[in-house]
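Examining the three-dimensional arrangement
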Amino acid sequence: MLEINGKSVYNALAMGRLHFLNRDGCTVKRFRVEITRPEILRFESARAQAKKDLHILYEKALTEVGEANAQIFQIHLMMLDDEDYFGAITSAITNQKVNAEYAVSYTSDIFARTFSEMDDEYMQARASDVKDIANRLIAILTGNDSCNSELSEPSIIVADDLTPSETVQMDKEKILGFVTFGGSPTSHTAILARTMNIPAVIGTGSIDCSFHGETAILDGFSGTLYINPDEQKIADYKKRKELEDTRLELLSRLRGQPDETRSGKKIKLYANIGNPSDIGLVIRNDAGGIGLFRSEFLYLESNTFPSEEEQFLKYKEVAENMLGKPVIVRTLDIGADKKIDYFNLPEEENPALGYRAIRICLTDKALFKTQLRALLRASVFGNISIMFPMIISEKEITNALEILEEAKSELRSDGIPFKEDMEIGIMIETPAAAIISDTLAPYVNFFSIGTNDLTQYTLAIDRQNPHLEQFFDPHHPAILRLIETVVQNAHRYGKWVGICGELGADQALTETFINMGVDELSVSPSFVLPLREKIRNIS
Ligand code: PEP
Ligand code: MG
């Protein structure tokens, strides 16, 4: 049994097979072999299998994406027939007396390095093709299908890190947990794990991908991954899992109970979602509404800009399923770590401080208006509010409201119905917005404090950077003071204020937030009932 420690970002337990997402840097085990002939035969048969797979992929790509895009598989096929390449692999097996997968990995590293050091750009690009072929051969040799293949069974995902676009493309039904070598607690992988109610452990450091397919227990309470657990560990796990299920069963009895302290102070408890498919979780956990619908996930899941009609159907679905309960949709918050190829956003030195969120929407009016029209149209099917992200000034709000007015008048003249009195809010997630929240309050109906970004911008700590953990203090007095200022300023103008960042679920602060007068907390669906329990135990 191998024990690997990291940092837990969601307390839950899972047991299943490890599924490594294919990454550079995966190490392959080296064995000494006395008789090399069987290793050469293994390599030859893996090469034949890889060629067969590539032919099939080529044919499939040809019909689905055309000749130009299918070419890549032809190039890979040619490389597998390259005598220098496969000759070097068989020599490595014979001369070094090593196993076939190690010989593939060792030789391919040398070839890839040689290509990447060439002057010719075309030849440099061949380096990644060599790595790709090597991964394919190693996957066949180790019996791991392909690390990139679809999940064949529910598995614990292991990766160096996951981008939001990778996580949205996974089949959620088949994910038992996440382990990332790097990562940070407010990364979107962590947020996804909380939404899905599955364990996630980050910052484990590199794990050898030859463990792909091995059985493991992921303990999200202690932040530990046990690979090939012994019988005692498995028995322990089963006992704890039973207790955990009982605890969740007890928590479910809080469904339908009011969110108020023993002395009767009330606070609204809503849930954060990224997709209409999360509504089941919202309902199961009995949230009073949706306090943050991260609409950019609709864009992340798509291969092209989602049309007004596509978006309208999604917003309508959420509004209808929430049966009149509030649904706060945040307009597109793309940029920073949330990158989408088809947006063709420029490479930036500091993307978190760059062209993102409302900045993109105010620049690309047509893109923004498509979303606003979809939201307005969906408004008649439930209780939708619109919220603008990353605001720093009054001007940004007035510009956004102007575009909203244009969208409304277009719909009016087309005779398309929408709710005239929809609530409009902004995210307070920049220190600028928090500091001038008194001047921003008159323009909107509500504020929602995004503590993930507010913390990164106030403390000047990149929320994606795991190496800054020792400096990261989510309870920093500067954050708490800003939150208090925002609450006071909102209330001065009769506006309500919520918290939708991860800090909203921090039970060490629940009482503080209630005493500050925070009106709403919006948290991952799986945190709703534990937080309700906490609120109801406050005197
Ligand atoms: C936040 O910044 O706190 C927030 C809720 O938005 P996101 O995490 O999507 O940036
Ligand atoms: Mg944010």
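Shown above is the structure to which this text applies.
The notes below deal with the structure included here. Source: prediction; values computed, not measured.

What counts, and at which threshold
Residues numbered from 1 in each chain as written. Chains lettered and ligands numbered in written order. Predicted model: local features only at pLDDT ≥ 70, side-chain atom pairs only at ≥ 80, totals over all residues. Heavy atoms only, no water. Helix = DSSP H or I, 4+ residues; strand = E, 2+ residues; numbered from the N terminus. Buried < 20%, exposed > 50% of the residue type's maximum accessible area, 1.4 Å probe, protein only. Contact = heavy atoms within 4.5 Å. Donors = N, O, S within 2.8 Å, 3.2 Å for Na, K, Ca; no water. Near = heavy atom within 4 Å. Polar contact = N/O pair within 3.5 Å; in protein donor to acceptor, adjacent residues only side chain to side chain. Areas by Shrake-Rupley, 256 points an atom, 1.4 Å probe, with all protein chains shown as cover. Pairing = 2+ DSSP bridges. Axes fitted to C-alpha atoms, helices over the stretch in contact; angles between N-to-C directions. Salt bridge = Lys/Arg side-chain N within 4 Å of Asp/Glu carboxyl O. Core = buried A, V, L, I, M, F, W, Y, C linked by side-chain atoms within 4.5 Å. Parallel < 35°, antiparallel > 145°, perpendicular 65-115°, else oblique. Nonpolar A, V, L, I, M, F, W, Y, C, P; charged D, E, K, R; others polar.

**Overview of the overall build of the protein**
Counting its secondary structure elements, the protein contains 19 helices and 16 strands. With the C-alpha coordinates of the protein rotated into their principal frame, the extents come out at 80 × 60 × 40 Å. Out of the 539 residues belonging to the protein, those deemed buried represent 52%. In the protein, the proportion of contacts linking residues at least 24 apart, taken out of those at least 6 apart, comes to 69%.

**Some details on the coordination of the magnesium ion (ligand 2)**
On the protein side, the magnesium ion (ligand 2) has Glu429 (OE) and Asp453 (OD) as donor atoms, found 2.0 to 2.2 Å from it. Remark: aspartate 453 occurs in helix 16 (residues 451-459) and glutamate 429 occurs in the loop between strand 13 (424-428) and helix 14 (431-435); sequence separation between them is 24 residues. Pair check on accessibility: glutamate 429 and aspartate 453 agree, each one buried.

**Brief notes about the site of ligand 1**
Taken together, 15 residues are adjacent to ligand 1, and Arg294, Arg330, Gly450, Asn452 and Arg463 come closest. At 3.0 Å, a side-chain N or O of glutamate 429 approaches an oxygen atom of ligand 1. Contacts to ligand 1 include asparagine 452, whose backbone N or O atom sits 2.7 Å from an oxygen atom. In isolation ligand 1 exposes 290 Å². Once the protein is present, 100% of that is buried.

**As for the sheet that holds strand 11 (residues 326-330)**
Consider a sheet: its strands pair through backbone hydrogen bonds, and that pairing is either parallel or antiparallel. Pairing is parallel around the closed barrel formed by eight strands, whose spatial order is 9-10-11-12-13-14-15-16. Adjacent strand axes in the sheet meet at a mean angle of 30 degrees, parallel and antiparallel pairs treated alike. The pairing of strand 13 with strand 14 (residues 446-449) spans four bridges and is classified as parallel. Within strand 14, the residue paired with methionine 427 across the bridge is serine 448. Each of strand 13, strand 14 and strand 15 (496-499) is contacted by helix 17 (residues 477-492), which is oriented at about 155 degrees to strand 15, the strand it contacts most.

**Some thoughts on unusual backbone geometry**
Positive phi, normally seen in glycine, also occurs at lysine 97, with a value near 55 degrees. Inspection of the secondary structure assignment puts lysine 97 in the loop between helix 2 (83-96) and helix 3 (100-116). Overall, the relative accessible area of 28% leaves lysine 97 in the partly exposed class. For alanine 336, which is not a glycine, the phi torsion comes out positive at approximately 55 degrees.

**Let's talk about the pattern of salt bridges**
Within this structure, the stated rule accounts for 32 salt bridges. Across the pair aspartate 81 and lysine 51 runs a salt bridge, and its minimum N-O distance is 2.7 Å. Pair noted here: aspartate 81 is in the loop between helix 1 (37-80) and helix 2 and lysine 51 is in helix 1, with a separation of 30 residues, a long-range link. Given a relative accessible area of 44%, aspartate 81 falls into the partly exposed group.

**Observations regarding the nonpolar core**
Counting 88 residues, the largest nonpolar core has Tyr315, Ile384, Phe388, Ile426, Phe447, Ile483 and Phe513 as its most contacted members. Excluding residues within four positions of it along the chain, tyrosine 315 makes contact with Phe293, Ser295, Leu298, Val329, Gln371, Ala374, Leu375, Ala378 and Ile384. Within the second largest apolar cluster, 32 residues are counted, among which are Leu77, Ile89, Val104 and Ala112.

**Describing the packing of helix 3 against helix 4 (residues 121-142)**
Interhelical geometry of helix 3 versus helix 4 gives an angle of 175 degrees and a closest axis separation of 8 Å. Classed by the angle they form, the pair helix 3 and helix 4 counts as roughly antiparallel. Facing Ala100, Glu101, Val104, Ser105, Ser108, Phe111, Ala112, Phe115 and Ser116 of helix 3, the residues of helix 4 in contact are Met123, Gln124, Arg126, Ala127, Val130, Lys131, Ala134, Leu137, Ile138, Leu141 and Thr142. A per-class count over the contact of helix 3 with helix 4 returns 12 nonpolar, five polar and three charged.

**Some words on the side chain of arginine 532**
Relative to the helices and strands, arginine 532 resides in helix 19 (residues 528-536). Those residues in contact with arginine 532, other than ones at most four positions away along the chain, are Leu254, Arg255, Gly256, Gln257, Pro258, Asp259, Leu269 and Asp286.

**Brief notes about the sheet that holds strand 2 (residues 7-10)**
Spatial strand order, 1-8-7-3-4-5-6-2: eight strands in an open sheet with mixed pairing. On the outer flanks of this sheet lie strand 1 (2-5) and strand 2, each paired with one strand and no other. On average, each strand axis in the sheet is inclined to that of its neighbour by 30 degrees, with strand direction left out of account. Examined bridge by bridge, strand 3 (residues 13-20) and strand 4 (residues 155-159) share four bridges and lie parallel to one another. What sits directly across from histidine 19, in strand 4, is isoleucine 157. Together, strand 3, strand 7 (215-219) and strand 8 (224-227) form the strand contacts of helix 7 (residues 231-252), whose direction differs from that of strand 3 by roughly 125 degrees.

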